[in-house]
Amino acid sequence: MSGDIVSVVEGCGGYVPDRILTNAEIATFVDTTDDWIQSRTGISERRVVSDDESTSDLGVRAAQAAMADAGVDADDIDLIIVATTTPDLTFPATAAIIQRKLAVARGAAFDVQAVCSGFVYALTTADMFLKSGSHQCALVIGAETMSRLMDWNDRTTCVLFGDGAGAVVLRAEERPHTNGADRGVLATHLRTDGQFTELLFVDGGASSTQDTGFLRMQGNQVFRRAVDLISDAVRVAANDAQIAVTDIDWFVPHQANKRIIDAVGRKLGIRAESVVETVAHHGNTSAASIPLALHAAVSDGRIKRGDLVMMEAMGGGLSWGAALVRY
Ligand code: UT7
């Protein structure tokens, strides 16, 4: 059969570490309150890794869940893309470490670094590899241990982030062109504006300080730009797929702040019941937040096969983007 190659999401999985860090506990060591955190961000708790857990451990657990959901095993996978800003080591790529832990023996594995937008970047990259015909079955993983980048004396950042991982299995399918009626990745849109690197960055790195550094953010400056940039990306992705934003069944946004999610939803006219929110329990897990939210809504039965799902994210870079999938 000759036709288009489409990347179909065959399954998804998520994993968060056991340890729950509540707002009340954070308020015992920095000058903050549960009320401030909840009212400004919507976050009530987040998960944090134990001393012996790393980003690859979280990624492996999410990947195993996604593979089980998709009904694929290690021999089927020929591409692993990990979105992370908290790699186990400077090198090799966390994707290579995960490849070994999953006993995947063929294909390619590499990391994508676009911070909170990382999952949208990784999904877009995998979609392009599959559509090119070079690879057939990809694991796309967002995995983060953001707790390791926190300055736990800085109340403006340490209350915001959490640890976790989510993953999807994407498989290439060749079929006649169907105008987006069948399942698959329908449109993706990525943007970066490097003018704003100083608004959100980590003040360390291998070639500068030779240490890991801590996350620094001018939160209100990022917030000011977030709603417009995210809304634009969603509109472009919808337009490319020739659908109206109001036609989407589910909106699965990056989970940085409930106020940003709600403002984007209002601006785009998305029904509140279609918005998937996990920020209250996960905080901002950077590249892991979209697949974790997707997994939450798939496993509780909200998102079903054939539903139109719009994902979006914005973060350090500044980088942002959107991906529209018929699940
Ligand atoms: O995922 C990557 C993208 N990141 C984001 O999208 C995050 C975007 N930014 C945000 O979510 C919000 O800007 C924050 C939640 C970080 C902050 O909310 P805000 O409404 O923008 O507050 P603000 O930064 O303007 O600060 C207001 C006040 C300040 O005090 P003064 O200067 O008015 O006296 C802060 O010092 O709140 C103070 N403050 C806190 N107070 C209690 C900042 N952090 C805290 C805290 N507890 N944890």
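What counts, and where the lines are drawn
Residues numbered from 1 in each chain as written. Predicted model: local features only at pLDDT ≥ 70, side-chain atom pairs only at ≥ 80, totals over all residues. Heavy atoms only, no water. Near = heavy atom within 4 Å. Polar contact = N/O pair within 3.5 Å; in protein donor to acceptor, adjacent residues only side chain to side chain. Areas by Shrake-Rupley, 256 points an atom, 1.4 Å probe, with all protein chains shown as cover. Helix = DSSP H or I, 4+ residues; strand = E, 2+ residues; numbered from the N terminus. Nonpolar A, V, L, I, M, F, W, Y, C, P; charged D, E, K, R; others polar. Axes fitted to C-alpha atoms, helices over the stretch in contact; angles between N-to-C directions. Parallel < 35°, antiparallel > 145°, perpendicular 65-115°, else oblique. Left-handed = near helix turned anticlockwise from the far one by under 90°. Contact = heavy atoms within 4.5 Å. Buried < 20%, exposed > 50% of the residue type's maximum accessible area, 1.4 Å probe, protein only. Lys, Arg positive; Asp, Glu negative; His and termini not counted. Salt bridge = Lys/Arg side-chain N within 4 Å of Asp/Glu carboxyl O. Pairing = 2+ DSSP bridges. pLDDT = per-residue confidence, 0-100.

In the vicinity of the ligand lie 24 residues, with Thr 32, Arg 155, His 254, Asn 257 and Asn 284 positioned nearest. With respect to the ligand, the side chain of Thr 32 contributes an N or O atom lying 2.6 Å from a nitrogen atom. Taking His 254, its side chain carries an N or O atom lying 2.8 Å from an oxygen atom of the ligand. Bound to the protein, the ligand loses 73% of the 950 Å² it would expose on its own. Going through the elements one at a time, helix H2 (34–41), helix H6 (155–158), helix H7 (219–240), helix H8 (258–268) and strand E12 (308–315) are the ones with two or more residues in the shell around the ligand. With four residues, the single largest contributor to the shell around the ligand is H7. Counted by class, the shell around the ligand contains 11 nonpolar, nine polar and four charged residues.

When two helices pack together, you describe them by how their axes are tilted relative to each other and by the distance separating the axes. Where H7 contacts H8, the two axes come as close as 9 Å, and the packing angle between them is 45 degrees. Comparing the axis directions of H7 and H8 gives the class oblique. The crossing of H7 and H8 is right-handed. Every residue of H8 that contacts H7 at Phe 223, Ala 226, Val 227, Asp 228, Ile 230, Ser 231, Val 234 and Arg 235 is listed here: Arg 259, Ile 260, Ala 263, Val 264, Lys 267 and Leu 268. For the contact of H7 with H8, the per-class residue count stands at nine nonpolar, one polar and four charged.

Let us now look at the side chain of Asp 78. Counting through the fold element by element, Asp 78 comes out in the loop between helix H3 (55–70) and strand E4 (79–83). With no salt bridge to any partner, buried Asp 78 finds its closest opposite charge in Arg 106, at an N-O distance of 4.3 Å. Within the structure, the side chain of Asp 78 is placed 2.9 Å from the backbone nitrogen of Gln 136, a separation counted as a polar contact. Of note is the side chain of Asp 78, whose polar atom sits 2.9 Å from the backbone nitrogen of Cys 137. Aside from chain neighbours lying at most four places away, what touches Asp 78 is Arg 106, Gly 107, Ala 108, His 135, Gln 136 and Cys 137.

For the rest of this paragraph, the subject is the sheet that holds strand E8 (residues 184–192). The strands making up a sheet are joined through hydrogen bonds of the backbone, oriented either antiparallel or parallel. One open sheet holds the four strands; their spatial order is E8-E13-E12-E11, and the pairing between them is mixed. Each having just a single partner strand, E8 and strand E11 (250–253) make up the two edges of the open sheet. Taken pair by pair, the neighbouring strands of this sheet meet at an average axis angle of 10 degrees, ignoring direction. Alignment of E11 against E12, held across four bridges, turns out to be parallel. Bridge assignment links Phe 251 to a residue of E12, and that residue is Met 310.

Further remarks concern the confidence of the model for the protein. Looking at the protein, pLDDT values average 97 and 99% of them are 70 or higher. Summarising per-element confidence for the protein, the mean pLDDT is lowest in strand E1 (residues 4–15) (96) and highest in E4 (99).

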